[in-house]
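# What the coordinates show
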Amino acid sequence: MSLAYLAIAFVGQSAAPTDSYEYTVRPGPNGALHVRLAFRGSASGKTVLELPDGYGDAQEFYKGIQRLEVGEAKVESSPQTPAQRVLVHAPKAQLVVEYDLVQSAPGDPDAAARYQFTYQPTYLHSLGYAMWVHPKWTGTSKAQFTIRWEAFPTGWQIANSHGEGKAVQSFRCPPDELLHGIYVGGDFRIHRLPSNGGTIIVATRGQWGFSDPDFATRIRKTIEATRKFWNDYSAPYYLVSILPLKTDPNSSTLGGTGLTNSFSLMGTTNMDIDSMTNIVSHDYFHNWNTPKLGTLPEPQIEMYWFSEGFTDFFCRWIALKEGNLSLSAYMHGWNDFAKSYYLSPKKNLNGAQVEKDFWEDYETQRQPYLRGYLLASIWNDEIVRRTNGAQNLGSVMLRLRDRNANGQARLDVGAVDRLMKPLLGRSILPEIQSIIRDGKNIVLPQTFQLSVAKITRSPANRYDLGFDFAATKKDKKISGLDPNSNAYAAGLREGQVVVSRKPIWVGNPDKEVELMVEVGTEQKTIKFFPAKPTGEFYPQLQWNESDKQKILRRILGSKA
């Protein structure tokens, strides 16, 4: 899912992106990064200069700008926003802007500062939105850009959305792509992987629980499999950067954002390789779903079951098809999605409620993903069965891509329905109304994979830690213990001193809790599952490995 950056009001004349812009970047004084920009001012003699402003939930990047100076121009503050300056100069004058960039807070970034400009003695990490001062641009025409990286220590690696390993970069692109980029340097470990006539770059730093080569190989396989599915090799360069975030050792976080020819991954080093690969895979599929399938109508959240849920489905479906994911892992993944959906307290929210609370509540935000994934798996299964394996849901995605050859197609429910109907023999509109708009439960068809897998009913547990987590974390003593909980049954008692604990997955009843507490004069390890029965059940798939080929054909079609 893409993140929007803050829109600001503009004043004065704008600079059309028809000239060339030359940036020179070098170490500056007192731990700052010094940037010099040379470009030609507007013909009117008044040019609006924009400072870094914001991206996603991070704002006021301009506070990191120091000593902004402009040669051959008078600099005036903008009455509209502190993120702008107005330059008054001779018409079409050649202007030179110089400024220093400093971090908003010292040291390595945490999750709250993941999008901020970071410049340490050993490395640089920044989004373009946090780094580049530039004239106000209008339109989408390409401009000529040059970036010179000068006077950095010997051995510094340079990698960004526009290339890798060059001290001088020259390229043409729409100005937005300059800002919508990732720029890293320093002690990042660079891995270059030839792929489909191009190059995939993986740039990482820090120590993780997996090797660089293993992660790089997974990324290459993921990207190549996605390109193969779409038969689209038009963007041969791609960069994945990994920035470790500092955090409480008992916590974990993972996130990222898709940028120009790149994905910026940011997380704590206790994250596993599967989670990190999945988030890159999901975002890479978004290069097609939806930009190359059509334009989503507003409000876009109404189609997130397709843009997000279908993306989750196809990331796993393609990985299975290309042998990058085992059948067992695929089926376990389906069970995880089904369990998350049927146990969600928000599964019956209607579309209006989902739209209203989407950005405020995690369980609400998950609904389009879960609903779309399960609907995709059901419809794929039905298409394969009805066409005897000749077609699958991928056929619909490719036809949606083909109908948008001119880039002007509208991607709405009607467009998807028109392509699904001949393959399903019916319309999907009643299901969209019932499940997506009215919030009714997804009911698995009697025919769903019953020829190759058995649907069982598993008892549902709700998350119940058994004690007051916030108070316990604050006082380092067990507080608010429920004597009817698994925590009590495992040996926890009110007032016990917590010596240490492993990360607690809040909200997940299937992740075991492990704490070390003081019991008298001794220390004791307590383990338990934070769960309590609800009396409800949810569907799960069971299968025999001996039926592997039958199951693959039922999921992928006759070419499996």
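Please read all numbers here as calculations on a predicted model, not as lab measurements.

The secondary structure content of the protein chain amounts to 13 helices and 25 strands. For the protein chain, the C-alpha radius of gyration of 27 Å lies close to 24 Å, the compact-globule estimate for 560 residues. Projected onto its principal axes, the C-alpha coordinates of the protein chain cover approximately 75 × 70 × 45 Å. Among the 560 residues that make up the protein chain, the fraction classed as buried is 51%. Total accessible area on the protein chain is roughly 25,300 Å²; 48% of this is exposed by carbon and sulfur atoms. Charge-centre separation for the protein chain: the mean point of 63 positive side chains lies 5 Å from the mean point of 57 negative side chains.

Moving on, we come to the sheet that holds strand β24 (residues 522-528). An order of β22-β23-β24 is seen for the three strands of this open sheet, with the pairing classed as antiparallel. Two strands in the sheet have a free side with no partner beyond their single neighbour: β22 (498-501) and β24. Each strand axis lies, on average, 25° off the axis of its neighbour in the sheet, ignoring direction. Note: β22 against strand β23 (residues 513-519), three bridges, orientation antiparallel. Opposite arginine 501, over in β23, you have leucine 515 as the bridge partner.

Phe215, Trp305, Phe306, Phe314, Trp379 and Met397 are the most contacted members of the largest nonpolar core, which totals 79 residues. Ranked by residue count, the leading element in this core is helix α4 (residues 304-321), at nine residues. Residues contacting phenylalanine 306, with those up to four places away along its chain left out, are Asn289, Thr290, Leu293, Thr311, Met397, Leu400, Leu411 and Val416. With 59 residues, the next largest nonpolar core counts Val25, Leu49, Ala203 and Leu259 among its residues.

Residues of helix α10 (residues 429-437) that are buried: Glu431, Ile432, Ile435 and Ile436. All buried residues of α10 lie within an arc of 100° about the axis, which places them on one face of the element. For α10, the secondary structure elements touched by its buried residues are α4, α6 (351-357), α7 (362-386) and α9 (413-424). A positive phi of about 80° marks glycine 439, the residue just after α10.

Below, the discussion takes up the sheet that holds strand β16 (residues 189-195). If you walk across this open sheet you meet the five strands as β16-β17-β18-β20-β19, and the pairing is mixed. Both outer strands of the open sheet, β16 and β19 (254-259), are each paired with one neighbouring strand and no more. Within this sheet the neighbouring strands show an average axis-to-axis angle of 15°, counted without direction. Here β19 runs beside strand β20 (residues 262-267); their pairing, made up of six bridges, is antiparallel. Within the sheet, the bridge partner assigned to leucine 254 lies in β20 and is glycine 267. Of the strands in this sheet, β16, β17 (198-204), β18 (237-244) and β20 touch helix α2 (residues 212-230), which is tilted by about 35° from β16.

Take the packing of aromatic side chains next. Applying the stated rule across the entire model yields 39 aromatic pairs. The residue whose ring lies beneath arginine 205 is tyrosine 123, and the NZ or CZ to ring-centre distance is 3.7 Å. In this structure, lysine 511 packs its charged tip against the face of tryptophan 505, placed 4.8 Å from the ring centre.

Averaged over every residue, the pLDDT of the protein chain is 93; the share at 70 or more is 96%. Contacts of residues 1-17 to residues separated by more than four positions or lying in other chains number 56 contacts, the stretch itself having pLDDT below 50.

Okay, the pattern of salt bridges next. In the structure shown here, the tally under the stated rule is 27 salt bridges. With a closest N to O distance of 2.8 Å, arginine 205 and aspartate 187 form a salt bridge. On the criterion of sequence distance, the pair formed by arginine 205 in the loop between β17 and α2 and aspartate 187 in the loop between β15 (182-186) and β16 is long-range, its members being 18 residues apart. The class of arginine 205 is buried, set by a relative accessible area of 11%. For aspartate 417, the salt bridge goes to lysine 421, with nearest N and O atoms at 3.7 Å. Placement of both aspartate 417 and lysine 421 in helix α9 is noted, with a separation of four residues, approximately one turn of the helix. By relative accessible area, aspartate 417 is classed as buried at 4%. What makes lysine 421 partly exposed here is its relative accessible area of 39%. Where salt bridges share partners, they join Lys228, Lys321 and Glu322 into one cluster.

The next thing to look at is the packing of helix α8 (residues 393-403) against α9. Each packed pair of helices is defined by two parameters, the angle between the axes and the distance between the axes. Running from N to C, α8 and α9 point in directions that differ by 135°, and their axes come no closer than 10 Å. Comparing their axes, α9 and α8 come out oblique. The hand of the α8/α9 crossing is right-handed. Of the residues in α9, those in contact with Leu393, Val396, Arg399, Leu400 and Arg403 of α8 are Ala415, Val416, Leu419, Met420 and Leu423. Residues belonging to the contact of α8 with α9 are distributed by class as follows: eight nonpolar, no polar and two charged.

Moving on to α2. In this model, α2 (19 residues) spans 27 Å end to end at C-alpha, consistent with the 27 Å of a helix rising 1.5 Å per residue. Of all the positions in α2, only Asp212, Phe215, Ala216, Ile219, Thr222, Ile223, Ala225, Thr226, Arg227, Phe229 and Trp230 are classed as buried. Where α2 starts, the residue carrying a side-chain oxygen 3.2 Å from the main-chain nitrogen of aspartate 214 turns out to be serine 211.

Turning our attention to the packing of α7 against α10. Two elements in contact, α7 and α10, have axes whose closest approach is 11 Å; the angle formed by their N-to-C orientations is 150°. The pairing of α7 with α10 is recorded here as roughly antiparallel in orientation. Like other packed secondary-structure pairs, α7 and α10 cross with a definite hand, here right-handed. Here α7 contributes Arg371, Leu375 and Trp379 to the contact with α10, which in turn contributes Glu431, Ile432, Ile435 and Ile436. Classifying every residue of the contact of α7 with α10 by side-chain character gives five nonpolar, no polar and two charged.

Another point: the pairing of β17. Among the seven residues of β17, six are classified as buried, and the element is accordingly described as predominantly covered. In textbook terms, the turn of a hairpin is the stretch between consecutive antiparallel strands, and for β16 and β17 this stretch comprises two residues, one of which, asparagine 196, has a positive phi near 50°. The pairing of β17 with β18 spans six bridges and is classified as parallel. The residue of β18 that forms the bridge with threonine 199 is tyrosine 237. Between the parallel pair β17 and β18, the chain is carried across by α2, and the sense of this crossover is left-handed.

The rules behind these values
Residues numbered from 1 in each chain as written. Predicted model: local features only at pLDDT ≥ 70, side-chain atom pairs only at ≥ 80, totals over all residues. Heavy atoms only, no water. Helix = DSSP H or I, 4+ residues; strand = E, 2+ residues; numbered from the N terminus. Rg over C-alpha atoms; globule rule 2.2 N^0.38 Å. Buried < 20%, exposed > 50% of the residue type's maximum accessible area, 1.4 Å probe, protein only. Areas by Shrake-Rupley, 256 points an atom, 1.4 Å probe, with all protein chains shown as cover. Lys, Arg positive; Asp, Glu negative; His and termini not counted. Charge placed at Lys NZ, Arg CZ, Asp CG, Glu CD. Pairing = 2+ DSSP bridges. Axes fitted to C-alpha atoms, helices over the stretch in contact; angles between N-to-C directions. Core = buried A, V, L, I, M, F, W, Y, C linked by side-chain atoms within 4.5 Å. Contact = heavy atoms within 4.5 Å. Arc of directions from axis to C-beta. Phe/Tyr/Trp six-rings, centres within 6.5 Å; stacked < 30°, edge-to-face > 60°. Lys NZ or Arg CZ within 6 Å of the ring centre and 35° of its normal. pLDDT = per-residue confidence, 0-100. Salt bridge = Lys/Arg side-chain N within 4 Å of Asp/Glu carboxyl O. Parallel < 35°, antiparallel > 145°, perpendicular 65-115°, else oblique. Left-handed = near helix turned anticlockwise from the far one by under 90°. Nonpolar A, V, L, I, M, F, W, Y, C, P; charged D, E, K, R; others polar. Expected span 1.5 Å × (residues − 1). Polar contact = N/O pair within 3.5 Å; in protein donor to acceptor, adjacent residues only side chain to side chain. Right-handed = clockwise from strand over helix to strand, strands pointing away.

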